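Spelled out from the first residue to the last, the chains are:
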Amino acid sequence: MARKRKTDGRTPRRALWLRTLIAITACGVAVGGLAAYRSHSGGSATAAERPVTTEEASRLALSRLNLYQASPVAVTLNAAEGGGVVVRVKGVVDYRNHRAVGSYQVAGSTESSGASGPPVTGQLDRGLIVWDTGGLGLAPVPEDDSGQPWQQAERIPRSGWSSRSYTSDPLDAGLQLLIGLGADRPDNPMLLAQSGARWLGRDRLGGRDYDRFAGPRAQGATPGAGSDGGRSPLTYWVDGDGGLRRVTMRMPGLGTPTTVEFSGREDHAKLPGAPWGTG
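Residues numbered from 1 in each chain as written. Predicted model: local features only at pLDDT ≥ 70, side-chain atom pairs only at ≥ 80, totals over all residues. Heavy atoms only, no water.

## Here's the deal with the overall build of the protein
How we decide: Starting at the N terminus, helices and strands are each numbered in turn, a helix being any DSSP run of H or I of at least four residues and a strand any DSSP run of E of at least two. Buried, partly exposed and exposed residues are distinguished by accessible area as a fraction of the type maximum, computed with a 1.4 Å probe on protein chains only: under 20%, between the cut-offs, and over 50%, respectively. Only heavy atoms enter the contact rule, under which two residues are in contact if any of them lie within 4.5 Å. Only the protein chains shown count as cover for residues, and all accessible areas are computed by the Shrake-Rupley method using a 1.4 Å probe.
Helix and strand counts for the protein stand at five helices and 12 strands. Evaluated residue by residue, the protein yields a buried proportion of 47% over its 279 residues. Put simply, 63% of the contacts in the protein that link residues at least 6 apart link residues at least 24 apart. As displayed, the protein offers around 13,400 Å² of accessible surface, 49% of which is attributable to carbon and sulfur atoms.

Quick look at the structure:
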């Protein structure tokens, strides 16, 4: 995780892409009502994609509000950093206060101590992480690492956290996206539909059916252009009540998308107040 401090060499194009991506997650004005959920007979992950219906746009528009109202929410984020390195964050997000806390693990391959030896595969780093809308903070796991991450974070003084602003790396982009997904009002379903949201198929996750949607297109994207047809880099899995289960984000140059999974409300979580000196 120490290498995440590096900010040199970021291209302006990639930084602009990230800012645009974060912006398109928030196209919200208040709307009323939700059409009754209607099952799609024969719908599956292999069905042909199409524009969202009015009812589907309404459910997608409610998903961020439902996430906000369920706070604090248990989350798992997996980000591929390239070169076989994967970062996993498991934690809790409070969308009412725009704060989150969790633990992280970095896994992958690194060169062995012997010049001719094979790479060593396994856990490369671990620790605690806090993040908000402005940046993130990292800290070692306490010697007594019992308890949940938010309980461990309570025992670390402010001076024990190393904080910084976000970069455009996959982990940072995922954390920044994740903290902005909840909203205190629904999005405008008409705008979602007009901006290119599409129904991609249906999947069954944990015994429940979820419709898979491509989000609104990024600003300036031309429909049908490029290898992805100008589709949004964000994909959402939404159930019949507008509940959000999963979000994936494709990033330029990486074949594996960043994935966020939501596991429901974490009633006992109490986010610490001390570590939020980010920036």
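This is not the end of the story, as more comes after the structure.
## Here's the deal with the pairing of strand 2 (residues 73–82)
Looking down a regular strand, the side chains alternate between one sheet face and the other. Condition: Strand pairing is defined by DSSP finding a minimum of two bridges between the two strands.
Counting buried residues in strand 2 gives eight out of 10 residues, a clear majority hidden from the surface. Bridging between strand 2 and strand 3 (residues 85–94) involves nine bridges; their strand directions are antiparallel. Note on strand 3: the bridge partner recorded for alanine 79 is valine 87. What sits between strand 2 and strand 3 in their antiparallel hairpin is a turn of two residues, with glycine 83 showing a positive phi close to 65°. Pairing of strand 2 with strand 12 (residues 258–265), which is carried by five bridges, proceeds in the antiparallel orientation.

## Some points on the pattern of salt bridges
So the rule is basically this: Each salt bridge in this description consists of a side-chain nitrogen of Lys or Arg and a carboxyl oxygen of Asp or Glu lying within 4 Å of one another.
In total, this model carries 15 salt bridges according to the counting rule given. A salt bridge links aspartate 187 to arginine 64; the shortest N-O distance between them is 2.9 Å. Highlighted residues: aspartate 187 in the loop between helix 4 (170–179) and helix 5 (189–194) and arginine 64 in helix 2 (residues 54–69), separated in sequence by 123 residues. Taken as a pair, aspartate 187 and arginine 64 share a single burial class, namely buried.

## Thoughts on helix 2
Our working definition: Given a helix with a known number of residues, its expected span is that number minus one, times 1.5 Å. Throughout, the bend at a residue refers to the angle made by two axes, fitted to the seven residues ending there and to the seven starting there.
Here helix 2 contains 16 residues, and its C-alpha end-to-end distance of 23 Å stays within 8% of the 22 Å for a straight helix at 1.5 Å per residue. Taken as a whole, helix 2 carries its principal kink of about 35° at serine 63. Within helix 2, 13 of the 16 residues are buried, which leaves the element mostly enclosed by the surrounding structure.

## As for the confidence of the model for the protein
As a general rule, the predicted coordinates of low-pLDDT regions are not to be interpreted in detail. Put simply, the rule is: Each residue carries a pLDDT value, the predictor's own confidence for that position, ranging from 0 to 100.
For the protein, the mean per-residue pLDDT works out to 79, and 72% of the residues sit at or above 70. Within the model, the stretch residues 2–45 combines pLDDT values under 50 with 94 contacts to residues more than four positions away or in other chains.

## As for helix 4
The buried count for helix 4 comes to nine of 10 residues, which makes it a mostly enclosed element. All of the buried residues along helix 4 are Pro170, Leu171, Asp172, Ala173, Gly174, Leu175, Leu177, Leu178 and Ile179.

## Points about the environment of glycine 102
The topology assignment puts glycine 102 in strand 4 (residues 99–110). With residues near it in sequence (within four places) discarded, glycine 102 still touches Lys90, Gly91, Gly127, Leu128, Ile129, Trp131 and Pro149.

## Section: the nonpolar core
Basically, it comes down to this: Buried Ala, Val, Leu, Ile, Met, Phe, Trp, Tyr and Cys residues form a nonpolar core when they are joined through side-chain atoms within 4.5 Å.
Counting 43 residues, the largest nonpolar core has Trp131, Leu178, Leu181 and Phe262 as its most contacted members. Per element, the largest residue contribution to this core is six residues, and it comes from helix 4. What leucine 178 contacts, discounting residues up to four positions off in sequence, is Val75, Leu77, Val93, Tyr95, Trp131, Val260 and Phe262. Residues Val101, Leu128, Ala153 and Leu271 belong to the second largest nonpolar core, which totals 11 residues.

## Things to note about the pairing of strand 11 (residues 244–249)
Where burial is concerned, most of strand 11 is hidden: five out of the six residues are buried. The pairing of strand 10 (residues 234–238) with strand 11 spans five bridges and is classified as antiparallel. The partner of tyrosine 236 across the bridge, within strand 11, is valine 247. A loop of five residues connects strand 10 with strand 11, the two strands running antiparallel in sequence, and glycine 242 in this loop sits at a positive phi of about 80°. Two strands pair when backbone bridges link them, and strand 11 and strand 12 are joined in this way by four bridges, in the antiparallel orientation. Across the sheet, the residue bridging to arginine 246 is glutamate 261, located in strand 12.

## Structural notes on unusual backbone geometry
Between serine 71 and the following residue, proline 72, the backbone shows a cis peptide bond with an omega angle of 0°. Residue placement: proline 72 occurs in the loop between helix 2 and strand 2. Backbone geometry at histidine 98 places phi at a positive 55°, although glycine is not the residue there. Tracing the backbone through its elements, the reader meets histidine 98 in the loop between strand 3 and strand 4.

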